[in-house]
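# Architecture and fold: a report
Here are the chains, one letter per residue:
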Amino acid sequence: LFDGIYPFYLQQRKSFVFDVSTIIVVIVFLVLASTFLLIIPGIRGRVRLYWLVRVLFSLMVGVVIVVVQFTGDWESGWVTANTSYKSFSHAVVNADIGLHVGLGGVNITLVGNPVNQFNETINYNEHFAWSFNADYDHSYSKGLEKGLPSPILYVAEKFTTQSPCNVHRQYRISSHYASASLWVAFCTWLISNMLFSTPVLVYGGYMILVTGAFMVFSLLSFSTVRNTLVCPIQFGATSLHIDYGGSFWLTLAVGLLCFVVGIIITALHYFNSDLLKTFFDLHENKTEDCQEMTEVYVNLQFMNSTQ
């Protein structure tokens with residue numbers, strides 16, 4: 001305390017679902033989508049619809065692969081509890097406590113019910129990174145120095161390297177390999193777009209299958225954290241439980257969609273290649289064998305002399 005007043009530290013806030021990186025990625029893909037949509041009026045017939053479906057599907061897969069790298073809701077959970085607010089204080093507040101796990105770290109939120117209690121605004125959202133270029137324990141120590149509320153420090157302490165829960169290493173490695181698998185999926189997605197511009201469309205279908213496979217691999221990698229013992233996060237008589245969040249299920253849905261599209265393209269290649277070429281507007285114009293005409297040069301002087 002400084003003169004009987006809790007210190008207030010200005011600090012950078014980070015949204016537990018959307019941050020600056022996510023917004024930038026979404027804006028870039030929206031600009032690409034808008035640019036392609038401007039070309040639609042110049043396309044005639046049913047090809048316009050086929051072109052629209054292909055572009056929107058491709059952009060949707062790409063933006064999901066990149067965005068889930070930065071979201072913070074691969075696992076999430078909420079609990080409402082009466083808990084102590086500050087260390088060395090008997091003040092008890094009623095608040096919603098949230099834990100949101102992403103590939104790059106955890107976000108812990110604390111929102112009071114009501115928000116204003118004890119002449120303070122209880123609305124916190126703190127990010128603790130565990131990526132390989134970040135030091136989670138250092139971030140936790142900074143939180144102690146800032147005097148963060150006790151519930152946030154209590155939850156954050158569960159993921160430190162010195163915690164008896166021993167989940168830091170598992171989460172860090174699982175998230176790292178999940179992120180690496182997603183970046184490989186992004187590369188295969190780029191390759192599939194290039195292959196769909198070639199006459200052999202089945203190779204693009206194969207790469208879409210590979211894209212879906214690596215997205216599923218990322219989910220399997222992240223799911224290995226479930227093999228560790230569950231460390232209870234207790235607030236009095238209530239417990240904070242976390243489960244798979246929106247980013248996890250979105251990645252699963254898009255990965256399965258890639259499998260379906262890849263299987264359809266592969267099947268059409270072997271059973272109905274004409275329909276597949278029609279969808280990708282790759283039908284070759286059939287020309288008559290004698291369409292080309294050789295040029296004939298006439299000697300007008302010779303023709304006049306013979307007459």
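So, how was this worked out
Residues numbered from 1 in each chain as written. Predicted model: local features only at pLDDT ≥ 70, side-chain atom pairs only at ≥ 80, totals over all residues. Heavy atoms only, no water. UniProt positions renumbered as here; feature names shortened; annotations may be inferred. Helix = DSSP H or I, 4+ residues; strand = E, 2+ residues; numbered from the N terminus. Contact = heavy atoms within 4.5 Å. Salt bridge = Lys/Arg side-chain N within 4 Å of Asp/Glu carboxyl O. Axes fitted to C-alpha atoms, helices over the stretch in contact; angles between N-to-C directions. Parallel < 35°, antiparallel > 145°, perpendicular 65-115°, else oblique. Left-handed = near helix turned anticlockwise from the far one by under 90°. Nonpolar A, V, L, I, M, F, W, Y, C, P; charged D, E, K, R; others polar. Buried < 20%, exposed > 50% of the residue type's maximum accessible area, 1.4 Å probe, protein only. Pairing = 2+ DSSP bridges.

By the naming in an unreviewed UniProt entry, the protein is DOXA1 factor, taken from Odontophorus gujanensis. As stated in UniProt under Subcellular location (unreviewed entry), the record for the protein gives "Membrane".

### Section: the UniProt feature "transmembrane region" (unreviewed entry) in the protein
Mapped onto the present numbering, the UniProt feature "transmembrane region" (unreviewed entry) falls at residues 20–39, 51–70, 177–196, 203–222 and 248–271. End C-alpha to end C-alpha, residues 20–39 measures 29 Å, and it is 90% helix and 0% strand. From the first C-alpha to the last, residues 51–70 spans 30 Å; its make-up is 85% helix and 0% strand.

### Concerning the environment of Val-26
Secondary-structure assignment places Val-26 in helix α1 (residues 20–37). Val-26 sits 40 residues away from Val-66 along the chain, and the two C-alpha atoms are 9.1 Å apart. Non-local contacts of Val-26, meaning those with residues more than four positions away in its chain, are made with Val-63 and Val-67.

### Let's talk about the pattern of salt bridges
The final tally for this structure, using the stated rule, is 1 salt bridge. The partner of Lys-142 in a salt bridge is Glu-145, with the nearest N and O atoms 3.9 Å apart. Taken together, the residues Lys-142 and Glu-145, both in helix α3 (residues 136–146) and 3 residues apart, mark about one turn of the helix.

### Considerations on the packing of helix α6 (residues 201–223) against helix α7 (residues 246–271)
Think of two packed helices as two axes; the pair is described by the angle between the axes and how far apart they sit. Where α6 contacts α7, the axes come no closer than 8 Å and their chain directions differ by 155 degrees. Viewed along their axes, α6 and α7 adopt a mutual orientation that is roughly antiparallel. As for how α6 packs across α7, the hand of that crossing is left-handed. Tallied by class, the residues present in the contact of α6 with α7 amount to 19 nonpolar, 10 polar and no charged.

### As for the pairing of strand β2 (residues 92–101)
By the criterion of burial, β2 is predominantly enclosed, with 8 of the 10 residues buried. Sheet analysis places strand β1 (residues 75–84) next to β2, joined by 10 bridges and oriented antiparallel. Within the sheet, the bridge partner assigned to Thr-83 lies in β2 and is Val-93. Across 7 bridges, β2 lies against strand β3 (residues 105–117) in antiparallel orientation. Bridge assignment links Val-101 to a residue of β3, and that residue is Val-106. Connecting β2 to the antiparallel partner β3 that follows it, the hairpin turn spans 3 residues.

### Digging into the packing of helix α2 (residues 47–67) against α7
Between α2 and α7, the shortest axis-to-axis distance is 10 Å and the interhelical angle comes to 140 degrees. One finds that α2 runs oblique with respect to α7. Relative to α7, α2 is oriented so that their crossing is left-handed. Residues Phe-57, Met-60, Val-61 and Val-64 of α2 lie in contact with α7, whose contacting residues are Leu-250, Val-254, Leu-257, Cys-258 and Val-261. Residues that form the contact of α2 with α7 fall into these classes: 9 nonpolar, no polar and no charged.

### Overview of the sheet that holds strand β4 (residues 120–129)
Strand order across the open sheet formed by 5 strands is β4-β3-β2-β1-β7, with antiparallel pairing between neighbours. A strand with exactly one partner marks an edge of an open sheet, and here the two such strands are β4 and β7 (243–244).

### What about the pairing of β3?
Note: β3 against β4, 9 bridges, orientation antiparallel. Considered in β4, the bridge of Gly-105 is made with Ala-129. Between β3 and β4, which pair antiparallel one after the other, the connecting turn spans 2 residues, and Phe-118 there sits at a positive phi close to 55 degrees.

### Describing the environment of Phe-279
Looking at where Phe-279 falls in the secondary structure, it is placed in helix α8 (residues 273–279). The exposure class of Phe-279 is partly exposed, given its relative accessible area of 26%. With 229 residues separating them in the primary sequence, Phe-279 and Tyr-50 have C-alpha atoms 5.8 Å apart. Setting aside chain neighbours within four positions, we find Phe-279 in contact with Tyr-50, Val-53 and Arg-54.

### Examining the side chain of Gln-69
Among the secondary structure elements, Gln-69 is positioned in the loop between α2 and β1. Gln-69 sits in the buried class, given a relative accessible area of 9%.

### A word on the environment of Val-254
With respect to the element layout, Val-254 can be found in helix α7. The spacing of Val-254 and Val-61 is 193 residues in sequence and 6.6 Å in space, taken between C-alpha atoms. If sequence neighbours within four positions are ignored, Val-254 has contacts with Met-60, Val-61, Val-64 and Met-215.

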